[in-house]
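Results of the structural survey
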Amino acid sequence: MKSPTLHDVAQLAGVSYATADRVLNRRGNVAEKSVRKVEEAVAQLGYVRNVAAANLSRNRRHRLAIVLPRQSHPFFGRMHEQLRRADHHMKAARVQLDVVEFEAFDAGALDAALSGLLGQEYDGIAFVGQGQNEALASLATLRARGTKVVSLVSDAPESCRDHYIGIDNVKAGRTAARLIGMTHGDRAGHVILTAGSLAVRDHSDRIRGFKEVLRTDFPRITVSDLIETKDQDRLMREALRARIAEEDGASAIYNAGAGNDGLIEVVRMLDLRAQLFCVVHEVSGKIREALEEGVIHVAIDQRPEIEMNRALALLQAIVDDLPPPPAPELIPAIYVRDNLPDQQS
């Protein structure tokens, strides 16, 4: 059977083709009675709007902005690199893609980046939720003006975004605790705990999940006071060395943030690979080397390339008032030295 056309919709609704077109493409100036007739005809016929053709006929281009922290460590570097790879495809799909950078862990930096987008008529934006509490007013204004908003990596309150793309960070923290607990069995232990900042939701969620599992299932494993490193290798290196000296006999390290290069340096320098079971997040070149060497034992990787691809597909759909593309829950990969992915050339 031939698929129903817009002409079929107009005929069944008893309106002109132009009126049906205005209703389906949400251009307004149509009586409510006619809108209802068109919507009923669409439902009755099973008509599916050809969004690509409609955009092409109107010479419409999507304007999207991706708001990311600067490439201060490899994780965000991977996100930036994926955007560079996607640029050609976005242009072919008539999408103008702008990347806006801000300084990570600067409370007002995200708000400054978002407020700079006001008045520029972006159809959609995706942002990494670092410091979003300072940016709630800017996010509310963008959404009130019709911009679709997606939070990435670290979730934001539902009131200030349309969708979230990222892993369940509580589950990620629980997974790290389970792995450390399994290595201890019934033995007592002590974990040195590090993160970028508890003010960042993905880090705080991981810490919460981590502590929940140890408290309920591995009560003989104690946890140190959190070391906050702002994801900086230098701060990690200095604070971790001092903490190891203070808390002699630690059996594991869990880093819920970045700054892993500093962690690796300390474990190597003090030759603690046999003493400390180390769990970190995200795979980089140095993490790969450390896994192969046995300095790091597990890396929980949230695959930022997939997150970025999903964000781009989602934004293109929702700015056209289409439902989000179907996608399973984003489950992080757990890497040990034996299952590391092949390096990309």
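Keep in mind that what you see is a predicted model, and the values were worked out from it rather than measured.

Turning next to the packing of helix α5 (residues 74–92) against helix α13 (residues 304–318). Contact geometry for α5 and α13: axes closest at 8 Å, N-to-C directions at 45°. It follows from the interaxial angle that α5 and α13 lie oblique. For α5 against α13, the interelement crossing comes out right-handed. Residues Phe75, Arg78, Met79, Gln82, Leu83, Arg85, Ala86 and Met90 of α5 lie in contact with α13, whose contacting residues are Pro304, Glu305, Glu307, Met308, Asn309, Leu312 and Gln316.

The strands making up a sheet associate through backbone hydrogen bonding, with each pair oriented either parallel or antiparallel. Here we have five strands laid out as an open sheet, ordered β2-β1-β3-β4-β5, and parallel in their pairing. The sheet is open, and its two edges are formed by β2 (95–102) and β5 (163–165), each paired on a single side. The mean angle between the axes of side-by-side strands here comes to 20°, regardless of whether they run parallel or antiparallel. Here eight bridges tie strand β1 (residues 62–69) to β2, and the two strands are oriented parallel to one another. Its bridge partner being in β2, Pro69 is matched across the sheet by Phe102.

Moving on to helix α12 (residues 285–293). All buried positions along α12 are accounted for by Ile287, Arg288, Ala290 and Leu291. Taken down its axis, α12 places every buried residue within 165° of arc, on the same side. For α12, the secondary structure elements touched by its buried residues are α11 (260–269), β10 (277–281), β11 (298–301) and β12 (333–335). Positioned one or two residues after α12, Gly294 has a phi angle of 90°, which is positive.

Looking now at the pattern of salt bridges. Using the criterion set out here, one finds 25 salt bridges in the structure. For Arg161, the salt bridge identified is with Asp155, shortest N-O distance 2.9 Å. Neither Arg161 nor Asp155 differs from the other in exposure class; each is buried. Connected through salt bridges with shared partners, the residues Arg174, Arg201, Asp205, Arg208 and Glu212 form a single ionic network.

As a further point, take the packing of helix α2 (residues 17–24) against helix α3 (residues 32–45). Closest axis-to-axis distance for the α2/α3 pair is 10 Å, and the angle between their directions is 85°. Viewed along their axes, α2 and α3 adopt a mutual orientation that is roughly perpendicular. Together, Thr19, Ala20, Val23 and Leu24 of α2 and Ser34, Val35, Val38 and Val42 of α3 make up the contact between the two elements. Looking at the contact of α2 with α3, its residues break down into six nonpolar, two polar and no charged.

With that settled, the discussion passes to the nonpolar core. In a soluble, globular protein the nonpolar side chains are often hidden away together inside. Within the largest apolar cluster, 25 residues are counted, with the highest numbers of intra-cluster contacts made by Leu240, Ile253, Leu263 and Ile296. If you list the elements that add at least two residues to this core, you get α10 (233–246), α11, β10, α12 and β12. With four residues, α11 is the largest single contributor of residues to this core. Beyond its immediate sequence surroundings of up to four residues, Leu263 is in contact with Met236, Leu240, Ile253, Asn255, Cys278, Val280 and Ile296. Formed by 24 residues, the second largest nonpolar core is a distinct cluster that contains Leu64, Ala86, Leu312 and Leu314.

Positive phi, close to 70°, is recorded for Val153, a residue that is not glycine. You can see Val153 is positioned in the loop between β4 (148–152) and β5. Phi is positive for Lys230, which is not a glycine, with a value near 55°. Of note, Lys230 is situated in the loop between β8 (227–228) and α10. A relative accessible area of 37% places Lys230 in the partly exposed class.

What counts, and at which threshold
- Residues numbered from 1 in each chain as written.
- Predicted model: local features only at pLDDT ≥ 70, side-chain atom pairs only at ≥ 80, totals over all residues.
- Heavy atoms only, no water.
- Axes fitted to C-alpha atoms, helices over the stretch in contact; angles between N-to-C directions.
- Helix = DSSP H or I, 4+ residues; strand = E, 2+ residues; numbered from the N terminus.
- Parallel < 35°, antiparallel > 145°, perpendicular 65-115°, else oblique.
- Left-handed = near helix turned anticlockwise from the far one by under 90°.
- Contact = heavy atoms within 4.5 Å.
- Pairing = 2+ DSSP bridges.
- Buried < 20%, exposed > 50% of the residue type's maximum accessible area, 1.4 Å probe, protein only.
- Arc of directions from axis to C-beta.
- Salt bridge = Lys/Arg side-chain N within 4 Å of Asp/Glu carboxyl O.
- Nonpolar A, V, L, I, M, F, W, Y, C, P; charged D, E, K, R; others polar.
- Core = buried A, V, L, I, M, F, W, Y, C linked by side-chain atoms within 4.5 Å.

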